[in-house]
Structures are given as C-alpha cells and as structure tokens.
Amino acid sequence: MPPRRPDPVKVRTALDAQLAALGEPPFTGPDTALPAACVAAVLRAYDGGGEPLRDAARFAVRHLLDELAARAPGRTVEVRVPPYAAVQCVEGPRHTRGTPPNVIETDPRTWLDLATGRVSWESALTMGRIAASGSRADLSAYLPLR
C-alpha cells in the first residue's frame, strides 16, 4: 500500500503556524520539502521546551511513519504513535483480526527522535520511552530513517 500523500496546502498551513509560534518566518521552499521542514520545526519546538502545534506534530509523525512503512513494507508489526497515527510494517506473518501480535507504541517526541536518529532504539527502550511486545517488535534495523 503506497503511503498517503497529505495535502501540501494543509501541511504548509500547519508548518507556517508552527514557524510563527517559534518566531520564525513562513516556509518558502517547494512542496517536496514540506514534510522534512515540518519535522524540523516540530523538533525545534520540543528542543525549546515547548509543545509543538497539534497539526504540525501530526504531519511530522505521519510523514515519518509513512517513510518507515515504505522502507519496511509488510503487516507484521503495528507501530502506534497516539494520538496521531499508526502504521503496519515489516515483512512476515500477517495478522487479520484483533490486536496484532507485534505492537510498538511510543509518544510523538520519542518517535521523531527515533526516526531522525536523535536517540537509538536501544536507548529509548532502556529508558522506557517505547512499549514493544511480540517477537518481531524491534525496529532497530530500520532506524534512523535519515
């Protein structure tokens, strides 16, 4: 299943709102650079000690989850980042009903940190920033995405 393509107008609106909240000018780059710029702006909001705006955080999380699903296609592991999104990924046995046997759940900041290489899988797991259940619930081979 191909990743969803968010509406660039909505992403740009969310990104520009996040940039304004950070005291930065609006984004002037091309639509293709919007997702990465959104991730960077959300991380700057976290780094500044604040909470990112909801729409910007949602687009950033969704973008990196879609990138994971594209790099590790399959339906063996469900990665959940509440309240924003979840994807199924990683090749292997597929479940069809109920809770999947391999589930990973984390918060938005941890997901962004993992996906961008700011924290390792092992460190996040040790610190209790990830809940992982199932024999295949390990994304260390796929992270960081960048």
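**Q** Please give an account of the overall build of the chain that cites residues and values.
**A** Broken down by element type, the chain carries five helices and four strands. The globule rule puts the C-alpha radius of gyration for 146 residues at 15 Å, and the 15 Å found for the chain is close to it. Counting only C-alpha atoms, the chain reaches 45 × 35 × 25 Å along its principal axes. Put simply, the chain has 146 residues, and 40% of those count as buried. For the chain, the proportion of contacts with a sequence separation of at least 24, taken over those separated by at least 6, is 52%. By element, 53% of the accessible surface of the chain is carried by carbon and sulfur atoms, the whole surface being about 7700 Å². Each charge sign in the chain was given a centre, from 18 positive and 16 negative side chains, and these centres are 5 Å apart.

**Q** Talk me through the pattern of salt bridges; I want residue IDs and the actual numbers.
**A** Tallied over the entire structure, the rule returns eleven salt bridges. Linking aspartate 47 and arginine 118 is a salt bridge whose minimum nitrogen-to-oxygen distance equals 2.4 Å. With aspartate 47 in helix 2 (residues 34-47) and arginine 118 in the loop between helix 4 (108-116) and helix 5 (121-126), the pair connects residues that are 71 residues apart, well separated along the chain. Between arginine 80 and glutamate 78 there is a salt bridge; the shortest N-O distance is 2.6 Å. A relative accessible area of 24% places arginine 80 in the partly exposed class. Exposure remark for glutamate 78: the relative accessible area of 14% places this residue in the buried category. Here the residues in one salt-bridge network are Asp47, Arg109, Asp113, Arg118 and Arg129, joined through shared partners.

**Q** Could you give an account of the packing of helix 1 (residues 8-21) against helix 3 (residues 54-71), naming the residues involved and the relevant values?
**A** Relative orientation of the contacting elements helix 1 and helix 3 amounts to 125°, with a least axis distance of 8 Å. Looking at the two axes, helix 1 sits oblique to helix 3. Here helix 1 runs over helix 3; the crossing is left-handed. Between helix 1 and helix 3, the contacting residues are Lys10, Val11, Ala14 and Gln18 on the first element and Asp55, Ala56 and Phe59 on the second. Within the contact of helix 1 with helix 3, the residues separate by chemical class into four nonpolar, one polar and two charged.

Procedures and definitions
- Residues numbered from 1 in each chain as written.
- Predicted model: local features only at pLDDT ≥ 70, side-chain atom pairs only at ≥ 80, totals over all residues.
- Heavy atoms only, no water.
- Helix = DSSP H or I, 4+ residues; strand = E, 2+ residues; numbered from the N terminus.
- Rg over C-alpha atoms; globule rule 2.2 N^0.38 Å.
- Buried < 20%, exposed > 50% of the residue type's maximum accessible area, 1.4 Å probe, protein only.
- Contact = heavy atoms within 4.5 Å.
- Areas by Shrake-Rupley, 256 points an atom, 1.4 Å probe, with all protein chains shown as cover.
- Lys, Arg positive; Asp, Glu negative; His and termini not counted.
- Charge placed at Lys NZ, Arg CZ, Asp CG, Glu CD.
- Salt bridge = Lys/Arg side-chain N within 4 Å of Asp/Glu carboxyl O.
- Axes fitted to C-alpha atoms, helices over the stretch in contact; angles between N-to-C directions.
- Parallel < 35°, antiparallel > 145°, perpendicular 65-115°, else oblique.
- Left-handed = near helix turned anticlockwise from the far one by under 90°.
- Nonpolar A, V, L, I, M, F, W, Y, C, P; charged D, E, K, R; others polar.

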